[in-house]
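Coordinate inspection notes
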Amino acid sequence: MSHYILPHSDPLEDDRLALMSKMLDPHMRFRLSQLGLGEGWRCLEVGAGNGTISQWLADQVGPTGHVTATDIDTAFLGKLARDNLEVRQIDVTKDPLGKDYDLVCARALLHHIPDRLDVVARLAAAVKPGGFILLEEPDFHPVEDTDSPAVRDFWRGFIAWAANCGIDYFIGRRLAPVLSKSGMTDIGVHGETILFQGGSLCARYWTLTFEELREPILASGLITPTLWNETLALFGNAEFWTWQNSFVATSARKPDADGAAA
Ligand SMILES: C[S@@+](CC[C@H](N)C(=O)[O-])C[C@H]1O[C@@H](n2cnc3c(N)ncnc32)[C@H](O)[C@@H]1O
């Protein structure tokens, strides 16, 4: 099993993923709908987390369609119940993914994976001719653009710590060129950010993320305890507003067997 820094066994992870779903599902659903998602589609989601997107996909594709929800740890996928939804434990870096899907999708997965570009190629290979891929990943370009020097320095330390762990928080901008070179067409890239308020859903999501990672981050010395406390106090203060990272949805279509794009 490859190393993952936010394991499902952490007592905060169930709540953190629930906040993530509330925060990100509307954008992802919209982007999936824009691809023409509909009845009868065969879909694969990798790194499905708590499965809210897979469950929604199952409702969209109906009884003639099928959804395979996968994760390296399926602990939170057991509660999904749809006749057309199958749960499988898959390490996306090495296990067989299946093939000929109408849609392959992933969210907030690739930035954690060291061999992320190899994984993009594996995901693209699982799409059928004429089918689609949609990858939603972060790009942290907005976060340092803040009026608070403390929050700016905190994000700098966090991003540096993450980079030392092999995490790419700027992957959002890197997927389109990779998909283009692999021969995919109709590439669309749409980023979404929000200006969030201290105490909001988004602030609570990030606070839970930081709490899960508190020990190794403080041990790295890249964020001091004073900066940590100052920033988390702002994230709990309803008078404070700052940019969240951008979440970037990159979609593409595999040419039809005869080589034609849509
Ligand atoms: C940040 S969570 C995102 C979950 C979900 N996609 C979402 O956006 O709500 C990343 C997910 O990827 C899974 N994961 C990490 N490494 C993986 C791997 N090598 N293969 C498959 N899943 C993996 C984790 O278990 C976790 O559920």
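Residues numbered from 1 in each chain as written. Predicted model: local features only at pLDDT ≥ 70, side-chain atom pairs only at ≥ 80, totals over all residues. Heavy atoms only, no water.

1. Thoughts on the packing of helix H1 (residues 13–34) against helix H2 (residues 52–61)
What counts here: Under this scheme, a helix contributes an axis fitted over its contacting stretch, all axes are lines through C-alpha atoms, and angles between N-to-C directions fall in the 0 to 180 degree range. Helix and strand labels come from DSSP, where a helix needs a run of H or I of at least four residues and a strand needs a run of E of at least two; each type is numbered from the N terminus. Throughout, a crossing is termed right-handed when the near helix is turned clockwise from the far one, and left-handed when it is turned anticlockwise from it by less than a right angle. The criterion used for residue contact is that any of the two residues' heavy atoms lie within 4.5 Å. Lys, Arg, Asp and Glu make up the charged group, whereas Ala, Val, Leu, Ile, Met, Phe, Trp, Tyr, Cys and Pro make up the nonpolar group; the residues left over, Gly among them, are polar.
Two numbers describe how H1 lies on H2: the axes approach to 10 Å, and their chain directions differ by 35 degrees. The hand of the H1/H2 crossing is right-handed. Within the contact between the two elements, H1 uses Ser 21, Asp 25, Met 28, Arg 29, Leu 32 and Ser 33 and H2 uses Thr 52, Ile 53, Trp 56 and Leu 57. Split by residue class, the contact of H1 with H2 holds five nonpolar, three polar and two charged.

2. Considerations on a nonpolar patch on the surface
Short version of the rule: Residues form patches when they are more than 30% accessible in relative terms and have no salt bridge. Like charges link within 9 Å. Nonpolar side chains (Val, Leu, Ile, Met, Phe, Trp, Tyr) link within 5 Å. Here the open area of atoms and residues is found with the Shrake-Rupley method and a 1.4 Å probe, where only the protein chains shown may cover a residue. What makes a salt bridge here is a side-chain nitrogen of Lys or Arg within 4 Å of a carboxyl oxygen of Asp or Glu, nothing more.
Residues Leu 195, Trp 241 and Trp 243 make up a contiguous nonpolar surface patch of roughly 310 Å² in combined accessible area. Considering the arrangement of structural elements, one finds Trp 241 in strand E8 (residues 241–243).

3. Quick word on the site of the ligand
Selection rule: Here a residue counts as near a molecule or strand whenever at least one of its heavy atoms sits within 4 Å of it. Residues adjacent in sequence count toward polar contacts only when both atoms are side-chain atoms; beyond that, a polar contact is any pair of N or O atoms within 3.5 Å, and within protein one must be able to donate a hydrogen and the other to accept it.
Around the ligand, 18 residues are found, and the nearest of them are Gly 47, Asp 71, Asp 91, Val 92 and Arg 107. The separation between a nitrogen atom of the ligand and a polar main-chain atom of Gly 47 is 2.7 Å. Note that an oxygen atom of the ligand is positioned 2.6 Å from one of the side-chain N or O atoms of Arg 107. Within the complex, the protein chains bury 98% of what would otherwise be the 590 Å² of accessible surface of the ligand. The leading source of residues in the shell around the ligand is H1, at three residues. Considered class by class, the residues forming the shell around the ligand number 10 nonpolar, four polar and four charged.

4. Topic: the pairing of strand E9 (residues 246–253)
The cut-off we apply is this: Exposure categories follow from relative accessible area, calculated using a 1.4 Å probe and restricted to protein chains: below 20% of the type maximum is buried, above 50% is exposed, and the middle band is partly exposed. Strands were regarded as paired on the criterion that DSSP finds at least two bridges between them.
Along E9, eight of the eight residues are buried, which leaves the element largely enclosed by surrounding structure. Residues Ser 246, Val 248, Thr 250 and Ala 252 of E9 are buried on one face, and the alternating residues Phe 247, Ala 249, Ser 251 and Arg 253, pointing to the opposite face, are buried as well. Across eight bridges, strand E5 (residues 127–139) lies against E9 in antiparallel orientation. From the neighbouring strand, Glu 136 faces E9, where its bridge partner is Ala 249.

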